[in-house]
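Structural characterization, general
For reference, the chains in residue letters:
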Amino acid sequence: MSVLQTLQERSNAACELCTATKNLKQYTIPPSLNENVDNSLLVCSTCLDQIEGNTEMDANHWRCLNDSMWSEFVAVQIMAWRMLQRLRNEGWPKDLLDMMYLDDEALALARATGEHEDEANKIIHRDVNGVILQAGDSVVLVKDLKVKGSSMVAKQGTAVRNIRLDHENAEYIEGKVDNQHIVIITKYVKKL
Ligand SMILES: [Zn+2]
């Protein structure tokens, strides 16, 4: 059975967040790369558009989390947690969060996109695939890059180890290529 079929079966073909039954899609929790039933859930387009930021958050819609946060499925718990975090300034989501329990592994995944951080500190660096980058990571360049202020070209495929993050700007990281300290645009790198 495919992941989608399994999700449809376990949810009785309803959005696992708000129980809507139309326009359902499989949603795999970023930054997961491999979709499976443990990191995916079935969501409707209303939920999905807000999850992905394509439409404004409608706090009232998310009252549904009052129920779905108690789902037995971890993927549903994680998305409930993330959406409650985004809405926590509304007050009631904060109360629900206080009641929620996620185990350590689920919490680590839930926190991976930084929903729990305040907007001001929420600078998240992502590689070309949307994978979150952290200081100390190694990346590989996915295209040739001209290095500003020199004639050097950093070649596609070059590994850059022990990167540093630009804490002001999510689009930049820093690292050493040929012993030269350079600034690299995150969308041109892939995490190793
Ligand atoms: Zn929904």
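No experiment lies behind these values; they were computed from the predicted model shown. (Residues numbered from 1 in each chain as written. Predicted model: local features only at pLDDT ≥ 70, side-chain atom pairs only at ≥ 80, totals over all residues. Heavy atoms only, no water.)

Moving on, we come to the overall build of the chain. When helices and strands are counted, the chain shows six helices and 10 strands. With respect to the principal axes defined by its C-alpha atoms, the chain has extents near 60 × 40 × 30 Å. Counting across all 192 residues of the chain, residues that qualify as buried make up 41%. Long-range pairs, those at least 24 residues apart, make up 55% of the contacts in the chain with a sequence separation of at least 6. Surface accessibility of the chain: about 11100 Å² in total, with carbon and sulfur atoms responsible for 44%. (Helix = DSSP H or I, 4+ residues; strand = E, 2+ residues; numbered from the N terminus. Buried < 20%, exposed > 50% of the residue type's maximum accessible area, 1.4 Å probe, protein only. Contact = heavy atoms within 4.5 Å. Areas by Shrake-Rupley, 256 points an atom, 1.4 Å probe, with all protein chains shown as cover.)

With that settled, consider the sheet that holds strand β3 (residues 139-141). The strand order across the open sheet built from three strands is β6-β3-β10, with neighbouring strands paired in antiparallel fashion. Each edge of the open sheet carries a strand with a single partner, namely β6 (159-160) and β10 (189-191). Where β3 and β6 come together, two bridges link them in antiparallel fashion. Paired with Val139 across the two strands is Val160, which belongs to β6. (Pairing = 2+ DSSP bridges.)

A separate point is the coordination of the zinc ion. For a metal with four donors in a tetrahedral arrangement, the ideal angle between donors is 109.5 degrees, while six donors in an octahedron ideally sit at 90 or 180 degrees. The coordination sphere of the zinc ion, as far as protein atoms go, consists of Cys15 (SG), Cys18 (SG), Cys44 (SG) and Cys47 (SG), spread over 2.2 to 2.3 Å. Here the zinc ion binds four donor atoms, and the angle range of 102 to 118° at the metal identifies the geometry as tetrahedral. Within one chain, the residues donating to the zinc ion are spaced in sequence as C-x2-C-x25-C-x2-C. Residue Cys15 is found in the loop between α1 (3-11) and β1 (24-28), and its partner Cys47 is found in helix α2 (residues 45-51); the two are separated by 32 residues along the sequence. What makes Cys15 buried here is its relative accessible area of 2%. Assessed through its relative accessible area of 0%, Cys47 is described here as buried. (Donors = N, O, S within 2.8 Å, 3.2 Å for Na, K, Ca; no water. Tetrahedral: all angles 85-135°; square planar, octahedral: opposite > 155°, others 65-115°.)

Attention shifts here to α1. Inspection of α1 places Val3, Leu7 and Ser11 among the buried residues, and these make up the whole buried set. For α1, the buried positions fall inside an angular range of 55° around the axis, keeping them on one side. Contacts made by the buried residues of α1 are with β1 and β2 (40-44). Immediately downstream of α1, the backbone of Asn12 shows phi near 55°, a positive value. (Arc of directions from axis to C-beta.)

In this section: the state of the cysteines. In this structure the tally under the stated criterion is zero disulfides. Free of any disulfide, Cys64 has its nearest cysteine sulfur in Cys47, 5.2 Å distant. (Disulfide = S-S within 2.5 Å.)

Bringing the pattern of salt bridges into the picture now. Scanning the entire structure with this criterion turns up five salt bridges. In this structure, Glu115 and Arg86 form a salt bridge, with 2.8 Å as the shortest nitrogen-oxygen distance. One end of the pair, Glu115, is in the loop between α6 (104-111) and β3; the other, Arg86, is in helix α4 (residues 74-86), and 29 residues separate them in sequence. Given the relative accessible area of 29%, Arg86 is considered partly exposed. With its nearest N and O atoms 3.8 Å apart, the salt bridge here joins Asp144 to Lys155. (Salt bridge = Lys/Arg side-chain N within 4 Å of Asp/Glu carboxyl O.)

Core analysis: the biggest nonpolar cluster contains 32 residues, and Leu17, Leu41, Val43, Cys47, Ile51 and Trp62 have the highest contact counts within it. Within the residue set of this core, elements represented by two or more residues are β2, α2, α4, α5 (92-99) and α6. In terms of residues, this core owes the most to one element, α4, which gives eight residues. When near neighbours in sequence (up to four residues on either side) are disregarded, Leu17 contacts Leu41, Leu42, Val43, Cys47, Ile51, Trp62, Cys64, Leu65, Ser68, Val76, Met79 and Ala80. (Core = buried A, V, L, I, M, F, W, Y, C linked by side-chain atoms within 4.5 Å.)

UniProt feature "domain: PhnA protein N-terminal proteobacterial" (unreviewed entry): in the numbering of this structure it lies at residues 6-52. The span residues 6-52 carries 28% helix and 21% strand; its end-to-end C-alpha distance comes to 23 Å. (UniProt positions renumbered as here; feature names shortened; annotations may be inferred.)

Below, the discussion takes up the confidence of the model for the chain. The predicted model of the chain has a mean per-residue pLDDT of 92, with 98% of residues at 70 or higher. No element of the chain has a lower mean pLDDT than strand β4 (residues 145-146), which averages 88, and none a higher one than β2, which averages 98. (pLDDT = per-residue confidence, 0-100.)

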